[in-house]
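Structure at a glance
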Amino acid sequence: MARARDFSASRMPGFAAVAIIAFLLLYAPIFTLVVYSFNDSQSVAVWGGFSLKWYAAAWENTAVQDAAIRSLIIASFASAIATTVATMAALGTTRNEAFRGRTFIYVMINQPLMAPEIVTAVALLILFAAVKTATGYTGLGYLILAHAAFCVPFAYLPIRARLEGMDLSLEMAAADLYASRWRAFRRVTLPLMAPGIAAGAMLAFVISLDDVIITEFVKSAGQDTLPTYMLGQLRRVVTPEVNAISTALLGITVILLTAFFLLTRKRD
């Protein structure tokens, strides 16, 4: 029993070598991408010296600006909708006594995570095509709803995990002190679950920001997001400008993760 408790995988022979190889496979391509985003050469494979011209070119490119603004608008609205729905679903499935069908609800909420994304994209394409034909509306609303529907389970998981880890004694104490359900939720439950809501919102935002498959199927003409714009550029001529845009997206993701870490550390 003592040997079993003292067992550590990091002490096994070859563990360090496997860990180094795994990190190289994960991060060497990303490191190469970042380095070549500063390449002065037109080629993405030949180093021609350090330069920021591709960042300047991407910044001044009106097509990139339009796609970036559109991506931020879609991701902001989609994450807000998905987080709101996920919060209500998490409260409904964790703040009630066990009831018949709760497992089925879990499965239905997490279904987009289990089904291939292409299946969800085709289903949304068929649904929204019928709506477009009936209404004549072809705006960004379809992309926002499609992204929100796909992001709900990503927002739901951290919120539900936060609620399940919360002690019910504070909420019970509020009820004992004659607080209404709404007052107890606003003053006790909501502040405690705020880190989970923030985590769900940030995760949904990132997922929506870099989505390609659903966007390609649902979008109308002239509604390219930044990822679909980059995909279109890769089909034509590959330049370090795409590397610069990718590095900028990576930087946004790192900033969001850092902000989330600082936020949860302060609250916890």
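These lines cover the structure that appears in this document, whether it is placed above or below. (Residues numbered from 1 in each chain as written. Predicted model: local features only at pLDDT ≥ 70, side-chain atom pairs only at ≥ 80, totals over all residues. Heavy atoms only, no water.)

Turning our eyes to something else, we now look at the overall build of the chain. In terms of regular secondary structure, the chain is built from 13 helices and zero strands. Helices (α) and strands (β) of the chain occur, in sequence order from the N terminus, as α-α-α-α-α-α-α-α-α-α-α-α-α. Projecting the C-alpha coordinates of the chain onto the three principal axes gives extents of approximately 70 × 65 × 35 Å. Considering the chain as a whole, with its 268 residues, one finds that 35% of them fall into the buried category. Contacts in the chain between residues far apart in sequence, at least 24 positions, make up 71% of those at least 6 positions apart. (Helix = DSSP H or I, 4+ residues; strand = E, 2+ residues; numbered from the N terminus. Buried < 20%, exposed > 50% of the residue type's maximum accessible area, 1.4 Å probe, protein only. Contact = heavy atoms within 4.5 Å.)

This part covers the pattern of salt bridges. For side chains of opposite charge, pairing can occur when their charged atoms come near one another. Inspection of the entire model under this criterion finds three salt bridges. A salt bridge links Asp40 to Lys53; its shortest N-O distance comes to 3.9 Å. Highlighted residues: Asp40 in the loop between helix H2 (15-36) and helix H3 (53-60) and Lys53 in helix H3, separated in sequence by 13 residues. Overall, the relative accessible area of 37% leaves Lys53 in the partly exposed class. Note that Lys219 and Asp224 form a salt bridge whose closest N and O atoms lie 3.3 Å from each other. (Salt bridge = Lys/Arg side-chain N within 4 Å of Asp/Glu carboxyl O.)

So, about the side chain of His147. With respect to the helices and strands, His147 occurs in helix H8 (residues 141-164). Side-chain polar atoms of His147 contact the side chain of Thr215, separated by 2.8 Å. Contact partners of His147, with chain neighbours within four places excluded, come to Ile74, Ala78, Ser208, Asp211, Ile214 and Thr215. (Polar contact = N/O pair within 3.5 Å; in protein donor to acceptor, adjacent residues only side chain to side chain.)

Between H8 and helix H10 (residues 181-209), the least distance of the axes is 8 Å, while the angle of their chain directions is 150°. At the point where H8 passes H10, the crossing takes the right-handed sense. Contact residues: H8 offers His147, Phe150, Cys151, Phe154, Ala155, Pro158, Ile159, Arg162 and Leu163, while H10 offers Thr189, Leu192, Met193, Pro195, Gly196, Ile197, Ala199, Gly200, Leu203, Ala204, Ile207 and Ser208. In terms of residue class, the contact of H8 with H10 is built from 15 nonpolar, five polar and one charged. (Axes fitted to C-alpha atoms, helices over the stretch in contact; angles between N-to-C directions. Left-handed = near helix turned anticlockwise from the far one by under 90°. Nonpolar A, V, L, I, M, F, W, Y, C, P; charged D, E, K, R; others polar.)

In this section: the environment of Thr138. Inspection of the secondary structure puts Thr138 in the loop between helix H7 (117-135) and H8. Take Thr138: its relative accessible area is 45%, and that puts it in the partly exposed class. Spatially, the C-alpha atom of Thr138 lies 9.9 Å from that of Gln223, the residues being 85 residues apart in sequence. For Thr138, the contacting residues outside a window of four places in its chain are Lys132, Ser220 and Gln223.

Now for H8. End to end, H8 covers 33 Å across 24 residues, agreeing with the expected 34 Å (1.5 Å per residue, within 8%). Roughly 40° is the biggest bend found in H8, and it falls at Cys151, with proline Pro153 one to four residues downstream. (Expected span 1.5 Å × (residues − 1). Bend = angle between axes of the 7 residues up to and from the residue.)

Looking now at the packing of aromatic side chains. Taken as a whole and judged by the stated rule, the model has seven aromatic pairs. Ring centres of Phe38 and Phe50 lie 5.3 Å apart, and the angle between their planes is 15°; this geometry places the pair in the stacked category. Here the residue Phe38 occupies a position in the loop between H2 and H3, and Phe50 occupies one in the loop between H2 and H3, the gap between them amounting to twelve residues. Owing to a relative accessible area of 21%, Phe38 belongs among the partly exposed residues under this scheme. Of the residues examined, Phe50 reaches a relative accessible area of 61% and is grouped as exposed. With a centroid separation of 5.3 Å and 45° between ring planes, the pair formed by Tyr137 and Tyr142 is classed as tilted. Overall, Tyr142 belongs to the buried group, its relative accessible area being 6%. Among the aromatic side chains, those forming a connected cluster through ring pairs are Phe38, Phe50 and Tyr55. Looking at Lys132, its charged tip hangs above the ring of Tyr142, at a distance of 5.2 Å from the centre. (Phe/Tyr/Trp six-rings, centres within 6.5 Å; stacked < 30°, edge-to-face > 60°. Lys NZ or Arg CZ within 6 Å of the ring centre and 35° of its normal.)

Here H7 crosses H8 at 145°, and the two axes come no closer than 11 Å. Seen along the crossing, H7 lies across H8 with a hand that is right-handed. For the pair formed by H7 and H8, the contact residues are Glu117, Leu124, Phe128, Val131, Lys132 and Thr135 on the first element and Tyr142, Leu145, Ala146 and Phe150 on the second. In terms of residue class, the contact of H7 with H8 is built from seven nonpolar, one polar and two charged.

If you walk through the whole model with that rule in mind, you get one cavity of 30 Å³ or more. Of the pockets and cavities examined, the largest cavity occupies roughly 30 Å³. What lines the largest cavity is simply Ser71, Ile74, His147, Ser208, Leu209 and Thr225. Elements with a minimum of two residues in the lining of the largest cavity: helix H4 (62-94) and H10. For the lining of the largest cavity, the per-class residue count stands at two nonpolar, four polar and no charged. (1 Å grid on protein atoms, 1.4 Å probe; cavity = no way out; pocket = protein on both sides within 12 Å on 5 of 7 lines; lining within 4 Å. Points joined across faces, edges and corners; volume = space filled by probe spheres on them.)

No statement about biological role is implied by the geometric values presented.
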